[in-house]
Every structure is written in C-alpha cells, then in structure tokens.
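Residue-level listing of the chains:
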Protein chains: 2
Amino acid sequence: MPLGERAGDKSDSRYCGVETEFNDDIPQLLSLNINGGFDFVVATLMDPAYRPSLKGDNDKSCDVLPFAGSDLVLSPSQWSSHVVGRISLWIDLDSEDESLRRDSEICLKQEISWASHLSLQACLLPSPKGTSCGNYARVVNQILQSLNNMQLWLRIPLEKSDDDSVNENGGLQREHTDSWEMWNSFRILCEHHSQLSIALDILPSLPSANSLGRWFGEPVRAAIIHTNSFLTNAKGYPCLSKRHQKLMSGFFNHSIQIVISGNQDQKHPLRSMDVDPNNNKNHVESVQRHPLRPYLDYVGYLYQRMDVLSEQERFELGYRDFLQSPLQPLMDNLEAQTYETFEKDTMKYIQYQRAISKALQDRVPDDDSSTVTILMVVGAGRGPLVRASLQAAEETGRKLKVYAVEKNPNAVVTLHSLVKLEGWENIVTIVSSDMRCWEAPEKADILVSELLGSFGDNELSPECLDGAQRFLKEDGISIPSSYTSYIQPLTASKLYADIKSHKDLVHFETIYVVKLHRVARLAPSQPVFTFVHPEYSTNNSNQRYKKLQFELPSDTGSALVHGFAGYFDATLYKDVHLGMEPLTATPNMFSWFPAFIPLRTPLCVRPGIPLEFHLWRCCGSTKVWYEWCATSPTASPVHNTNGRSYWLRKGDLG
Amino acid sequence: MPLGERAGDKSDSRYCGVETEFNDDIPQLLSLNINGGFDFVVATLMDPAYRPSLKGDNDKSCDVLPFAGSDLVLSPSQWSSHVVGRISLWIDLDSEDESLRRDSEICLKQEISWASHLSLQACLLPSPKGTSCGNYARVVNQILQSLNNMQLWLRIPLEKSDDDSVNENGGLQREHTDSWEMWNSFRILCEHHSQLSIALDILPSLPSANSLGRWFGEPVRAAIIHTNSFLTNAKGYPCLSKRHQKLMSGFFNHSIQIVISGNQDQKHPLRSMDVDPNNNKNHVESVQRHPLRPYLDYVGYLYQRMDVLSEQERFELGYRDFLQSPLQPLMDNLEAQTYETFEKDTMKYIQYQRAISKALQDRVPDDDSSTVTILMVVGAGRGPLVRASLQAAEETGRKLKVYAVEKNPNAVVTLHSLVKLEGWENIVTIVSSDMRCWEAPEKADILVSELLGSFGDNELSPECLDGAQRFLKEDGISIPSSYTSYIQPLTASKLYADIKSHKDLVHFETIYVVKLHRVARLAPSQPVFTFVHPEYSTNNSNQRYKKLQFELPSDTGSALVHGFAGYFDATLYKDVHLGMEPLTATPNMFSWFPAFIPLRTPLCVRPGIPLEFHLWRCCGSTKVWYEWCATSPTASPVHNTNGRSYWLRKGDLG
C-alpha cells in the first residue's frame, strides 16, 4: 500500500519496505508484512547458520542449499514484486581468515544465483567490513558481468566524522571515517556498473548538510532507517529529528525508497502499545497490528505532507536527467512546436519588454513625440519579440519602426499572418534573410535578439550579432548588451552512466542540455566567458580561454566530479537581466535547461585540494567548438580536440 | 660522424647534435657544424623577431613568413637527416597576456607546419614557462592529431628540489619544483600521444639518483647538455662530474641522443684555445676548428669507454621492450627451436644438477650401493633434465632409474634418439603421456620438473604437479620444492604506448613476457604467491589472493606507474635456488624474461602515499586466470574480470 497519493509523483519513493530476519516460511512472512501495510520485504534468503565449508565431503552431490522457500511456495511474480533479497550478513570477503573469505565467495555467488532464479528486482549486499573492500568488489564485479536485470544494492552506513589530519610525510592521514570513500572505491573497482547501486543506512546522527548533499548525485535506490534513529514524541509515538525529516524529503524527491528496519520494542519502546482501544477486546480474532506500523505511519505522514508538484515541475518530470543535444538553429530550422513551447515562457518576454522600455526612454526624451526609433528584431521567429517591442513602445509612448529579420522561411509565413492579424503593417517590416548577410536600408537604434543557448554563447549568438551590428547605429543599443556563461562541478552518476553506455568517445566529448535533478552541486558556480554587444574593438575574436579553480566546502568530504553544469546570465539592458545561474536565476522561466559538460574519467576531489578546470571556445573557418580539461587534482586528457566530437557549424555562410 | 664504434650498439645514441641560434644561412650553419664533427643541428627555424600580431593588416596576403632557408637551399633529405627544428623560445601559451598567447598559438602552428613540410624528424618545443601548461598542451595536442611522422620533443629541465611540505588544510603544498610533474600533466593532457617525447635539459646540479631513475621509463629522446654544466680539468679541458658521467652512460644505454648547447667561452672558458700549435700558422687557410669541439670530444670519449655489449646482451637487444605473449605449453606443443634455445641455458641445468645431487645424497647414504632411486622427470622435453639427473647420479655415485614423461609426441621422438645415442636404455624409460593422467607402474623418490613461467605459476606448474604427485612416494621430493612470484611497480611508457596502440581492452588485460629495458623500477619487488610441492593438505586450492603495499623512496618524487614487472624465485632443493627476481637472480640465465602486468590507466604515485595493489589467481573448471586492481592512491577497475581477456587453458584434461 503506497505511502500516499502525491499528485504527479509516480516514482518508487511512494513504496515503503521492511527489513526482516530469516524465516523459512516466506509466504507467512510476506503476508504478515504486506497486511501490516508495507509494500515489500527485504528478506534474508539463506539460513544464516549455513557455511559452505561445514558441509560434509560425502554428501556434496545431494545437498540442497538451505534457502527460505522456493519458487513453488511463492509465484515468481510475487517474489519479484514484493521481495528484495537480503544477502547473508556474515559474509566478509576481505577478512584475514582465508577460509571465511572462501566461504563468503561461494555463498555470495549461490545467493545471487538463487535471487536471479527467482527474478528478484534487487538484492541488498551487506556493508563492506573493515576498511578494505578489494576482494569483495572483485567478486561483485565478476557477478555483475553476467547478471540479469537485477540491481545490487550495496549497503553503506551514512556516516562521516569531521576530523581530517595530515601526517608528517606529507600524506593525508585518513583517520576519519567517511563511508563515501568506501563506496567510491567499490564502484570504481566495479567500473561504475549501472546495476550496482546504494542502500543508505540512516543512523541516529547525521553528517553535515554538504556531506549529505553528495549522495543525491549517487545511485542511491533505498534508504534504510532504523527504529533506533527515531525519537519519541510527547504522546509516545515515533518521530524524526528536523534534520532527518529534511533528509527524508530529499529521498522522496529523488525516487529513493524507504525501508524500515529494527525492532519496535528494542531500544525506543513506545509508551502505548499502539492498539486501538476499540479493538482491544477482539484483538485475538482480528489481524494483529504490525509492530512497526507506527513507524510506517510516521513515514507516510512525512510523505503526504510534501508539497504537490507545480505545473512546471510536472511538465519537466519527463525531462529530468535526460540528456538532450543542444539546438543548432543556425544549421536546422526550428519546428512550429518548438516555437510554441518557447513563446509560452511569459517571464522571458516580460523581461525583454522591460529592457526595451528602458532603452526607448533613454534614447527619446519624454517630451519628444516626433522621433521614430528604428528597432530591429534579429531572429524574429514567429514574432514574440516584435510583440514585446510594440508593447514597450505603447507603454512608454514612443514611436517605433520595426524590422523583423528571420532566416527560417517557414517562420516568416507565420510572421506575415501575425502582422496582418494584428494590423501592424505600417510599423513592422518583415525581412526573410540571414541577419549575417542582410543589407539593411537604414541603421537601427536598437537591435533585439534572443539567440542564447543554455551556456550563453553555445548557439553562436556572438557570431550572429557580430554580423548584425553592421546595421546598428554607432551609439545604438543591443539587447542583450552582454552575457556570461557559468559552470559548477557536479556529481551526476546517472548522466555519467548514460553517456558511458554508448561506449564511444564522441558522447564523452559532447555538451548536452539536461534538466538536472539527480545531481549534487559541489561548489558555487563561477563565470566563464563574457561577450559584449556591440563590440567595436579591433582585433576582436570570439575565441575564449578560461582557467577556473573550485574548492569544495571543507565539510563535504571527498566527492566524485562527473562533469560540470553550465548556465548563463544575460544583461538585457542596464539592470534588467535574464538568466538561469542558480543563485540569480530569473524565476519561473523554463526556456532553458542547464548544459552538462562531461568528463571522460570522473575526478575524485578531496578537501583542500582545488579542482582546476580549463575551458576553451575555439573558432575555425567553418565551425565553433569547445575544448576542456582538468589539471588538478590530476590532469585529464584534453576533451574534444579540434572539435572532433562536437561542434557548432556556422551554417551556409561559412 | 658518430661518437665512436661500440660493438653491437646500433642505437641513436651514437649521434651527437649541437643547438644553434637563428641563422638565415642554413647551408653555412649546417656545413660549419657537420664539418665540426656533429651529426645534426638543433636549429631555430623562424626569425626570433617575428610576431604575427606585428604584421600590418594591409599586407596580410603577400607576406612571406621569415623562415631560415627553404627546401631549395637544402634538399629535403638534408633537412631530414641533419636538422631538428627548434621552435621559437619566446612562445608562451600560458601567459597572462592574451595577445602573447594568441601570437604564440599562431606561430607555433606555423613553425610545426613548416617543419612538417621539410620532413624534419623532430622539433624541439620550448619548456613550459611558469607552473601552468594547460593551454600549451591543448595546442600541442591539436597539432599532434594531424601530424606526419615527426616527433615533438618537449624540452624539460632536469630539476627537482627536495622539500615537500604540507599545509594545514590537509593538502600537499607543492612549493618544491619537480619538472617531472609538469611533464606528467602535459602528456596526460595530450593523452600519452606516442609522438610526444622529451628532451631533457641537463643542468650543473643533478637531482638524487632515485629521482633521475624515473626518467628512464619515460620517452626521453634527447639530453641537452649545456657547456656550463661541464667542469674544467687540470689541463683546461672540459669534463663532467662523476654523477654526470654516470647519467651520460645511462643515456647511451637507453638510446638517448646527446645535444651540446651553449657557448664555449661564455662561462667556463677553456684555458687553452684548443688550437693545435702545429696548425697555428695556417689556421686561416684550414677549416676553423669548431668552438664546441672539446665538449664533443669529451662526450665521444665517454661513449667510447662504455663496456662492449656481452653476447647475451646482443642476443637480447632485439627483444628489449618487445611485448610477447607467454608460452602456453599445456595448450600448444613447443617447437624444436624453442627447446634448443632453452637447452642452451647452462646455468639453469647446473642448478638442477646440484639440487638433484643433494636430494640423492639425502635419500641414500654414502655407503649404500644397492638402493636404486626412482626419479621421474615430468615434462622431459628433449631430455636436458634427464641428462642433469644422470650426471648428478654419476657425481654422487647413486644408482638411478629414470622415467621421462613427456606429452609432446614430437619431443618424445627426439628423446628416444637421445637415449639410444647416449646408451641410456637400461636406465631411462620414456613415457609418452600427459603427467596428469599417466598411471605410473611404481612410485617415485624424486619428481623433477621445469614448468615455471616468468611469473612462477603462470604456466600452470601448480596444476601439473598436483596431478603428478599421485605417483610420488609419501616422503618423496619434488624439485622444485617451492616457488614464489614477485612484482614491482614500473614506469614503462614505451610498453604502455604499445599496448594502447591496439585500442582495445584485451591488450590491457593481458600479462606479457618482455625483456624490460626502457623502464624505471620504482620500488623493491615483493613476494606474491607461493606454491609448495608436494602439497598434501586437505581443502587445498590453487586460488590465491595477495594485497601488496609499495612505497616509493621519498627522494624519488612522484612517478607514473604503468604496470608491474613480474618475476619468480624457486627453491629447487634446500639451499639450491633458481630465479630472476632482480636482487637474488641466478646469474647468466636467459630462459626467462620478466612478466609485465599492465594497468589500463597509469597511476600517479606521490611520495608518502602508498601504492596498494591486489592480485588474484582464480581457478575455474577449464581455465586459470589472474585478476588485478589498485586501491590506492586511487582505485582502478578490476582488470580481467572472469578472465575475459586473458587466461590459461587447462588443456584437454579439463
């Protein structure tokens, strides 16, 4: 029974599980827990007393492994939809004891093989014991090579102590525990396998917020919350601390399933036994209430009190963490549907209208009623900026003559209909041409464009406006007057896995557009390239080079950087800006998703050692491209050398 | 004119060059230096006053770049065989000054393009200036993508200061200079491109021997020795310090060419002007002696006094750094040629004979003349161990009965001839069978085998001897009685480049056999797996797992680990051993080259942080394989999971 209804939420985080001990009557175990309100059980598959090495040599062939129930006592679909396999806890593959290691390897393989036979969706692997996990990871990696669709959830306690210390030899002494380090080694040993994910064990005390944040970029599938991590409220019911509550909301928002574990009466006995007094008399006849029901109810309460998803969020749900190639409007003509989507972004056009109003007021005094301002919209599309311009003129009482320049002949058709429909024939002249080669009959006071990509200059706005500024008056205004790109380092294991699945270099050297969701933003964003329009300096070039240094907050701990989020912020005119850099983003704007710049090999960044990243914008005669690399903490190869994998074609004009 | 004749040395290190300043009369420059005794010049190609940005805008199209001479003043073959291009020294691609960066990029590309046009074999790139090289490496990497066969020699000063310090934030503060770090970043940014190599600048003071050692695993093509690095001897002639002399020998041994640079009379004037007094009068008529001739003569003297190559070294020259697949004698039958080569390894059979003698003496008292010792040679091949056994019997006066078991039917033919020829028919019984399935008519006192591979157990000696020990008496002796494999970390950029050139995973997950030469051994070797024979313990397994920690000597500095050298040491009997682990190697033995275990991504190891490496020997029903990985300083993927790339087949017996 799902935790509740939350409009728009179709994610797995609606379902809550319970961890159970070994019970060889699986049907009874299941019915008890499902009737008790849980959606699935995390059930021990193998008798915990079993050890392969204890088997007698003589009965090798006829031995039946002591599994809890077979596929006859439960149907495969029951197994598959209601049971996550819990692998034996005694398994210790990095023990000093060789025979324990050998037993562990045999048993782990037997249990996974059994779980595959039952078509389970996932198995929970016990936490690595001690500080080393090399042998454990090797065996899991062997298993992953020939696994069916099953996920392996590696159980990782959510813990990180705060003291780092440095020894005299110059080496970092890692006396602190940071369970993330163990996870990071494990998954690198297993080569970021997409079926290896995480079940986080939530303990009574939590690490810092920055440290917690890292996990939202990792493949966490489940969070196991122990009854002893709950507090008891005044009425004797279980509840969670504010920080735990916030963390739970994060899990719900990131499709992470909750599993409740532990014993109700072990450490934090409920004051009342939680039995409905009305049912008190006939409790023997009725189904017994599940002992962990109060915990489940509390988790359900937390789920149900989450904010509903806004319309924009629901629209964006399907785009979350889905890699798209950026538009190349200079090469391809946009489709009507695309224009329509972008035109719905009201906030954007309000900002443009404000900027144009201010520019008009600056150019023409209030008492001048005769001057006609020449305004050119370059890249007019189906006309939204023409409309914004005319509204600005009306609002400020200025006279306007508008040229609407558009290279897409299909959009020009729509534009003509619009002008006729609105009766703008005397004010608006439509020009069907590429702005870079149009010979304007007169010069413009104001040049208005919306050519920015997610990363600012990545849809060739600089090259287009360089071409258009020929017909701007010497004191004319470009709206936007400047724009700057920004980047910030991310943990984004989902995006990395998607790119890696292509098994080629090209996909690692492409810049994407993506609605970032399952990511961790590791440091504040920093400005990269700025372009100013108009640009009259001689020897001007649209090539750029920027070296950036990021430092992770010291309480984050180490983190894996899979790549960088890219944003832009544009100054339309004076104080009117438009942008999607997280800290200064224009609210309620949806025309742009962030860019994602991947790294071929993710970089592990440790506290105190800066992440140094280089980004180039390169211009050739027919194309523009980016190259990028890291030089600290370790060097990476230069990505996309000579634009070999990804570039922007300048189009027919060359 | 080569530095001298050294029997067997056909390497480039016979040739010595000279670095020259810009001179636009290239034919004169060349004849002066070639007549002066040098084999090639490192000549500046472009007028050092040239800057692309200083060109007037109006003469863009008709400008001729100010190169020193064209391909008409010297033929392409003269250019190619006698000139290395020296790229302009002013180039600084990581300057803060954007226009200098832009000029540098243009000029570097122009010069390389010109050098390619002239078919030069190499260009010398100036040292990176400052501490950053991101932009320089990017441009060089762009150039490398479409370069012809030309090598780019990046000039790197050979310097490393000794103090490391650690800052309070736990980060390594690298206030010291270690030019290796710069090289390492540069080549990683250029993705280990095979045409990017090093020209080392040799300065008056040298880093520690451990630090110098690193460079012999790197692609050093030239060493530029400055006149001011020379000392002056009592007679006023230039000479070098002992440490410099030793370094020069290292260069000669590693095919590294010497280039002399600087001015004879600038800092260390020669006391005499080095003009033959007999020629003093007619020095105007005669060709003037080259001012750097005394330096050249001294380098020639150092070259000529090198030891000549031994016969074994000459034999091995062709195998140096050449990757071979290990033999799989269980799968394939060896050829006569292979047997013959191995049989020539006298030292090996002397050791076997000594071991057998000792074993015979231990089993049969001196005064016992009746006991016949049963000795079985398993894997007898063409009979060298049979001969060694009979010689041991003769030497010790013991009676012997020999069974010679061999699975290769071709070798059995030779074996029969040998026995007939030597008249051994009464003593030696030939058995044409696989030792793992032969049913012996009696049990053996001594079991003699030579089944070891470079890495000890990597030719399935454990599996073979497990099969053969059935017919060993309970108190019988196996020769060898035990063997242990060893590994040590290496810098081996040549081997890495060869493996990388295959562009697949399989070659990075294969263990090779290779005569290691251009490598740096970074730490003493450590034992890995040990096998003892006979082995009667129950629950015995030939699976092994070993975790090893290596620390680089603190004065080495950082180094790149491309993989591990593998060796073995075997105890034949009691104190008689046989092996090739460097510190304990049996002298003058050539049957085994070391093994090489590669890493998919080389690991940069810094002082004070251990290199942690894991190695597994895995046994399946039909094959045996190794898996390996690193977990510190950073984790690597597990290599060769499930033996997917490389394995040893157990042969027909399954």
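About the criteria used
Counting starts from 1 at the beginning of each chain's written sequence and moves along it residue by residue. All chains are assigned letters beginning with A, and all ligands numbers beginning with 1, in the order in which they are written. Owing to the predicted nature of the model, reporting of local features is limited to residues with pLDDT of at least 70; listing and counting of side-chain atom pairs is limited to 80 or more, with chain, interface and lining totals taken over all residues. As a convention, hydrogens and water are excluded, and side-chain values are obtained from all of the structure's heavy atoms. UniProt positions are given in the numbering used here, feature names are shortened, and annotations may be inferred rather than shown by experiment. In this description, contact between two residues means that some pair of their heavy atoms is separated by no more than 4.5 Å. Between N or O atoms, a polar contact is any pair within 3.5 Å; within protein, one atom must be a potential hydrogen donor and the other a potential acceptor, and residues adjacent in sequence are included only when both atoms are from side chains. A run of DSSP states H or I qualifies as a helix once it reaches four residues; a run of E qualifies as a strand once it reaches two. Both are numbered from the N-terminal end. Pairs of strands are assigned from DSSP output, requiring at least two bridges between the strands. Note on geometry: axes are C-alpha line fits, over the in-contact stretch for helices, and angles between N-to-C directions span 0 to 180 degrees. Two rings belonging to Phe, Tyr or Trp (six-membered ring only in the last case) form a pair when the distance between their centres is within 6.5 Å. Interplanar angles under 30 degrees mark stacking, angles over 60 mark edge-to-face geometry, and anything in between is tilted. Using a 1.4 Å probe on the protein chains alone, a residue whose accessible area is under 20% of its type maximum counts as buried, one over 50% counts as exposed, and one in between counts as partly exposed. As a reminder, the over-ring test applies to NZ of lysine and CZ of arginine, requiring each to be within 6 Å of the ring centre and within 35 degrees of the ring normal. What counts as a salt bridge is simple: a side-chain nitrogen of Lys or Arg found within 4 Å of a carboxyl oxygen of Asp or Glu. Under the convention used throughout, the expected extent of a helix is 1.5 Å for every residue step, that is, one less than its residue count. The superposition of copies rests on a least-squares fit of C-alpha positions from residues with pLDDT of 70 or more in both. By buried area we mean how much accessible surface two parts lose on assembly, using a 1.4 Å probe and totalling the loss over both. Any angle that is under 35 degrees is reported as roughly parallel, and any over 145 degrees as roughly antiparallel; angles of 65 to 115 degrees are reported as roughly perpendicular and all others as oblique. Here a crossing is taken to be left-handed if its near helix is turned anticlockwise relative to the far helix by less than a right angle, and right-handed if that turn runs clockwise. We call Asp, Glu, Lys and Arg charged. Ala, Val, Leu, Ile, Met, Phe, Trp, Tyr, Cys and Pro are nonpolar, and the rest, Gly among them, are polar.

Chain A is annotated in an unreviewed UniProt entry as Protein arginine N-methyltransferase from Heracleum sosnowskyi. Regarding chain A, the UniProt comment filed under Subcellular location (unreviewed entry) reads as follows: "Cytoplasm". Of chain A, the UniProt comment under Sequence similarities (unreviewed entry) reads exactly: "Belongs to the class I-like SAM-binding methyltransferase superfamily."

Engineer: Quick question: what am I supposed to make of the UniProt feature "active site" (unreviewed entry) in chain A here?
Structural biologist: All names here are of chain A. Under the UniProt annotation, the feature "active site" (unreviewed entry) is placed at E450 and E459. E450 has contacts with K348, Y349, Y352, V378, P384 and L385, leaving out every residue within four places of it along the chain. A polar contact is formed between the side chain of E450 and the side chain of K348, at a distance of 2.7 Å. Looking at the element boundaries, E459 is found in the loop between β16 (444-449) and α14 (461-468).

Engineer: What is the right way to look at the sheet that holds strand β5 (residues 151-157) of chain A in this model?
Structural biologist: Note: strands within a sheet are paired through backbone hydrogen bonds, in either parallel or antiparallel orientation. Residue and element names in this part refer to chain A. The parallel closed barrel is built from eight strands, whose spatial order is β1-β2-β3-β4-β5-β8-β9-β12. Here the strands of the sheet are splayed against their neighbours by 30° on average, with no regard to which way each runs. As paired elements, strand β9 (residues 220-226) and strand β12 (residues 257-261) share five bridges and run parallel to each other. In the sheet register, I225 faces β12, and the bridge partner there is I260. Lying over the sheet, helix α3 (residues 98-117) contacts β3 (83-86), β4 (122-125) and β5, oriented at roughly 160° with respect to β4. Lying over the sheet, helix α4 (residues 134-145) contacts β4, β5 and β8 (196-202), oriented at roughly 160° with respect to β5.

Engineer: Quick question: what am I supposed to make of the packing of aromatic side chains here?
Structural biologist: Ring pairs (aromatic) are described by centroid distance and by the angle formed between their planes. Evaluated as defined, the whole model comprises 38 aromatic pairs over all chains. A ring pair is formed by Y403 of chain A and W438 of chain A, whose centres lie 5.7 Å apart and whose planes are at 50°; its orientation type is tilted. Of the two residues, Y403 of chain A is situated in strand β14 (residues 399-406) and W438 of chain A in the loop between β15 (428-432) and β16; the sequence distance between them amounts to 35 residues. Using a relative accessible area of 5% as the deciding quantity, one classes Y403 of chain A as buried. For W438 of chain A, a relative accessible area of 9% translates into the label buried. Lying across the ring of W90 of chain A, R51 of chain A places its NZ or CZ 3.8 Å from the centre. Directly above the ring of W625 of chain B sits K623 of chain B, whose terminal nitrogen or CZ lies 5.2 Å from the centroid.

Engineer: Is there a simple way to think about the pattern of salt bridges in this case?
Structural biologist: As a working rule, side chains carrying opposite charge can pair if their charged atoms are close by. Under the defined criterion, the tally for this structure stands at 66 salt bridges over all chains. For R102 of chain A, the salt bridge is made with E98 of chain A, and the minimal N-O distance between the two is 3.0 Å. Linking R102 of chain A with E98 of chain A, this pair stays in helix α3, spanning four residues, or about one helical turn. For R102 of chain A, a relative accessible area of 27% corresponds to the partly exposed category. Residue classification places E98 of chain A among the partly exposed positions, given a relative accessible area of 42%. Between K494 of chain B and D498 of chain B there is a salt bridge, and its shortest N-O distance comes to 2.6 Å. Pair noted here: K494 of chain B and D498 of chain B are both in helix α15 (residues 493-500), with a separation of four residues, about one helical turn.

Engineer: How should helix α7 (residues 242-253) of chain B be read in this particular structure?
Structural biologist: Residues spaced three or four apart along an α-helix point in a common direction, a consequence of the helix completing one turn every 3.6 residues. Between its first and last C-alpha atoms α7 of chain B spans 17 Å; for 12 residues at 1.5 Å apiece the expected length is 16 Å, and the two agree. What α7 of chain B keeps buried is the set H244, Q245, L247, M248, G250, F251 and F252 of chain B.

Engineer: Help me understand the environment of I477 of chain A in this model?
Structural biologist: Structurally, I477 of chain A can be placed in strand β17 (residues 472-479). When neighbours within four sequence positions are excluded, I477 of chain A is seen to be in contact with A359, R363, D445, I446, L447, L472 and Y573 of chain A.

Engineer: For this particular structure, what's the right way to read the relation of the copies chain B and chain A?
Structural biologist: For these two chains of identical sequence, chain B goes onto chain A by a turn of 180° and a shift of 0.0 Å along the axis, with RMSD 0.0 Å. One copy is carried onto the other by what is essentially a two-fold rotation axis.

Engineer: Can you walk me through the interface of chain B and chain A in this structure?
Structural biologist: Bring the parts together and some accessible area is lost; that lost area is often taken as the interface size. If you look at the interface, chain B gives 45 residues, while chain A gives 45 residues. Carbon and sulfur atoms make up 52% of the surface buried where chain B meets chain A, a total of about 3600 Å² over both sides. On inspection of chain B and its partner chain A, the count reaches four salt bridges. The shortest N-O distance in the salt bridge between R600 of chain B and E191 of chain A comes to 2.7 Å.

Engineer: I keep staring at the packing of α3 of chain A against α4 of chain A and nothing clicks. Help me out?
Structural biologist: What describes two packed helices is the angle between their axes and the distance between those same axes. Residues and elements named next belong to chain A. Relative orientation of the contacting elements α3 and α4 amounts to 30°, with a least axis distance of 11 Å. By the criterion of interaxial angle, the relationship of α3 to α4 is roughly parallel. Handedness of the crossing formed by α3 with α4: right-handed. Side by side, α3 and α4 meet where R101, E105, L108, K109 and I112 of the first sit next to N135, Y136, R138, V139, V140, Q142 and I143 of the second. In terms of residue class, the contact of α3 with α4 is built from six nonpolar, two polar and four charged.

Engineer: Explain the sheet that holds strand β16 (residues 444-449) of chain B here, please?
Structural biologist: Residues and elements named next belong to chain B. Here we have five strands laid out as an open sheet, ordered β15-β14-β13-β16-β17, and parallel in their pairing. Edge positions in the open sheet fall to β15 (428-432) and β17 (472-479), since each of these has one partner strand only. Going from strand to strand, the sheet's axes swing by 25° on average, the running direction of each strand aside. Where strand β13 (residues 372-378) and β16 come together, four bridges link them in parallel fashion. If you follow L375 over to β16, its bridge partner there is I446. The sheet contacts of helix α12 (residues 384-396) involve β13, β14 (399-406), β15 and β16, and relative to β14 the element is tilted by about 175°.

Engineer: Help me understand unusual backbone geometry, please; the structure alone is not making it clear to me.
Structural biologist: Trans peptide bonds make up the majority, and among non-glycine residues the majority have a negative phi. Residue and element names in this part refer to chain B. Note that the residue after H533, namely P534, is joined by a cis bond; omega there is -5°. Within the secondary structure, P534 sits in the loop between β21 (526-532) and β22 (544-550). With omega at 5°, the peptide bond leading from S632 into P633 counts as cis. Note on placement: P633 falls in the loop between β27 (623-632) and β28 (648-649). The backbone of L460 shows a phi angle near 70°, a positive value even though the residue is not glycine. Among the residues examined, L460 registers a relative accessible area of 1% and is labelled buried.

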